[in-house]
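# Examination of the molecular architecture
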Amino acid sequence: MNDAPAPTYYDQPLLNKPHWDGKVAAYLFVGGAMGGCGMLAAFARRSGDTNLERSSRYLSLALAGASPAILVAHLGRPERFHHMLRIVKLKSPMSLGAWSLVFFSIPAVLNALAQAARDGVLPKGIARFVPERFCTLLQAFFGTFITGYTGVLLSATAIPLWAKGKYHIPALGVCSAVSTACALNALALCRDGAAAGTLHKLDRLKTCASLGELGVLLHFYTYGGKTVKPLFTGACGERLRKFTVVGGILVPVLLNAASVLFGGAPRRGVVPCTLAASGLTLLGGYVLRAMLLDAGKASADDPREAFVQPA
Amino acid sequence: MAKGFFTDTTLCIGCKACEVACKQWNELPSDGFGFTGMSYDNTTHLSGTTWRHVAFVEQAQDDSRDAPPRWLMMSDVCKHCTHAGCLEACPTGAIVCNEFGNVYIQPDVCNGCGYCVPSCPFGVVDVIGALRENAHYNTATLQNERLQSRQTAVQNRGGVAGKCTLCYDRQRAGMVPACAQACPTDSIQFGDVEELREHARGRVEQLRRRGVSSSLYGVDWESSVGDLRAFFLLTDRPEVYNLPAKPVLPSTHQRAGYGSAALAAALLIIAGMAIFGTKV
């Protein structure tokens, strides 16, 4: 009716906030790393890298156990978790996510069994019954989906910051998933002297993913305007800068660069560098998720952002 | 033949009978006794256990201290969107569109994932926190056998999403929803949505002739949430009543989201394949 600044209703929030707490941040982190491990398992199989194949398969199994457990725990009625599997709903990212967890976990268990058989933990015969190629393919496909859908899930809401990030948050999720998966596998392999070549490749892929993450984050900052302020200012912004941008991206990238320049693949000095870089990347990945959740909830408190919602 | 509400805010006197009737019929627990100090509105917002909320807007006239303020009162409720964000988001299928064209949460199906909450562009639905059984209930009005029964426990003990059902149970019995029944001024009108819209347009015209400018909120909308089955007649901007001027159906963001994720994944897959290479 006129151009005066929009009045508010006693500055009361317009939107309701999800009850999602640290458990959901943990799931976004663990689920992402799990999906990334599925992608790495496929790279390993394609290149015949047995070290990475072993670590990524066992890690996939462990994370595929942890992530549904965290998801079930965050529900208001945990005993009804299986209601997620009543229907398939293409319009609901959460429905597709629940199903892709199922279709990731089954091949992940089978491949881990086959790996255990090959490693002599289980009877050798078991490996013969596992269609490893098909399972790896499934794991890679649903793993890739899992790295991406959580970001879509957040953007497909009315929360101003998340909706504004529809081009950024899903890409951030994928990049961070790959970098944390590389970090986890590097941690699993770093004491194995024979895996030095694999460590090197993991570092390189992790650097690619981290730099991508940094680029998307910077673009989100410049593109988002006032809506993204809760993520980049205040306590959230400080933690994001400290733990994700500096600690989780810049320092590991420099450490990896240093190990390439001064270490050389087989030398012993590489291990502490990889160890530190991986730990920092994992911390940064978790903080990124936690801050996205916190900042989203904070942005829901501003009624002016919610009156005219990002189209 | 969708059924719905027409809330005519020009008739609301702020008695909150709708809030009370809703709480009582639906056996919803109280939200405590907080005083906001900002207005007569101590409810402040719709929630999982508050399905009607009367907003009180007090506007000073002409900057003059002597002129009486203008009062705007509005009984807010779930909008029962034709394209409902909560319904699209729900991964369990607990949220359905029922035979009356109303958005209904099946309380025995919902598992409390909470995804409908941020998916509502109007801030209506919420997950009911874990309530201690019987606590905050008005046991004088709550029928004892229903309190004991499993049905009530399932509906009210918390952990699931809650919002207006448009009195599904009363409608099935051919009755008018509790809030519309209790409203003493017919500010809340219940009926066939088409007929209500016709009536509402007539009311806008009638008010215009009397020199009152008003508009309908949620009718003939070019909005992604579609027309609302619970719509309103307002005499000021929607923001004044804490309603979004431009609500957006959240699922419209999905295409961009999946596209962005696919692009990032494709680039990283190419990088991974290049770095790890093929078997020699």
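What counts and what doesn't
Residues numbered from 1 in each chain as written. Chains lettered and ligands numbered in written order. Predicted model: local features only at pLDDT ≥ 70, side-chain atom pairs only at ≥ 80, totals over all residues. Pairing = 2+ DSSP bridges. Helix = DSSP H or I, 4+ residues; strand = E, 2+ residues; numbered from the N terminus. Axes fitted to C-alpha atoms, helices over the stretch in contact; angles between N-to-C directions. Contact = placed C-beta atoms within 7 Å. Domains from an automatic or database assignment. Buried ≥ 20, exposed ≤ 12 C-beta atoms within 10 Å, placed from the backbone. Core = buried A, V, L, I, M, F, W, Y, C linked by C-beta atoms within 7 Å. Expected span 1.5 Å × (residues − 1). Arc of directions from axis to C-beta.

All names here are of chain B. Reading across the sheet, the 4 strands line up as β8-β1-β10-β9 and stay open at both edges, with mixed pairing between neighbours. Each edge of the sheet is formed by a strand with only one pairing partner; in this case those strands are β8 (188-192) and β9 (215-217). Averaged over all pairs of adjacent strands, the angle between strand axes in this sheet comes to 25 degrees, irrespective of strand direction. Relative to strand β10 (residues 230-234), β9 runs antiparallel, the two being bridged by 3 bridges. Looking across to β10, one finds that Tyr217 is bridged to Phe232.

A word on the interface of chain B and chain A. Listed per partner, the contact involves 62 residues of chain B and 70 residues of chain A. Taken together, the elements giving at least two residues each to the side of chain B that touches chain A come down to α2 (85-89), α3 (116-119), β6 (126-127) and α9 (254-276) of chain B. Residue contributions to the side of chain B that touches chain A peak at 17 residues, all from α9 of chain B.

Below, the discussion takes up the domain arrangement of chain A. Residue and element names in this part refer to chain A. In terms of domains, chain A is made up of domain 1 (21-156) and domain 2 (163-175 + 186-311). Averaged C-alpha coordinates put domain 1 and domain 2 at centres separated by 22 Å. With 18 residues of domain 1 at the interface, the matching set in domain 2 holds 21 residues. Elements supplying a minimum of two residues to the side of domain 1 that touches domain 2: α1 (22-47), α2 (50-74) and α4 (132-155).

Residues and elements named next belong to chain A. A positive phi is found at Tyr10, a non-glycine position, where the angle reads about 50 degrees. Structurally, Tyr10 is set in the segment before α1. Tyr10 gets classed as partly exposed once you count the C-beta atoms within 10 Å, which come to 17. Here the phi dihedral of Asp11 falls at roughly 60 degrees; this positive angle occurs in a residue that is not glycine. Here Asp11 is to be found in the segment before α1.

It is worth spelling out the nonpolar core at this point. Counting residues in hydrophobic clusters, the biggest one holds 167 residues, and the most contacted among them are Val178 of chain A together with Cys86 and Cys116 of chain B. No other element matches the 15 residues that α1 of chain A contributes to this core. Built from parts of two domains, this core gets at least three residues from each of domain 1 (21-156) and domain 2 (163-175 + 186-311) of chain A. When sequence neighbours within four positions are dropped, the list of residues in contact with Cys86 of chain B reads Ile95, Val103, Cys116, Ser119, Cys120 and Val125 of chain B.

Residues and elements named next belong to chain B. Look at helix α8 (residues 193-209): 24 Å from first C-alpha to last across 17 residues, which is about the 24 Å you get at 1.5 Å a residue. Within α8 the residues assigned to the buried category are Val193, Leu196 and Ala200. Buried positions in α8, seen along its axis, are confined to an arc of 50 degrees and lie on one side of it. In α8, the exposed residues that point more than 90 degrees away from the buried face are Glu194, Glu198, Gly202, Glu205, Gln206 and Arg209. Tucked into the core, α8 has its buried residues touching β1 (3-8), β8, β9 and β10. One or two positions beyond α8, positive phi appears at Gly211, with a value near 85 degrees.

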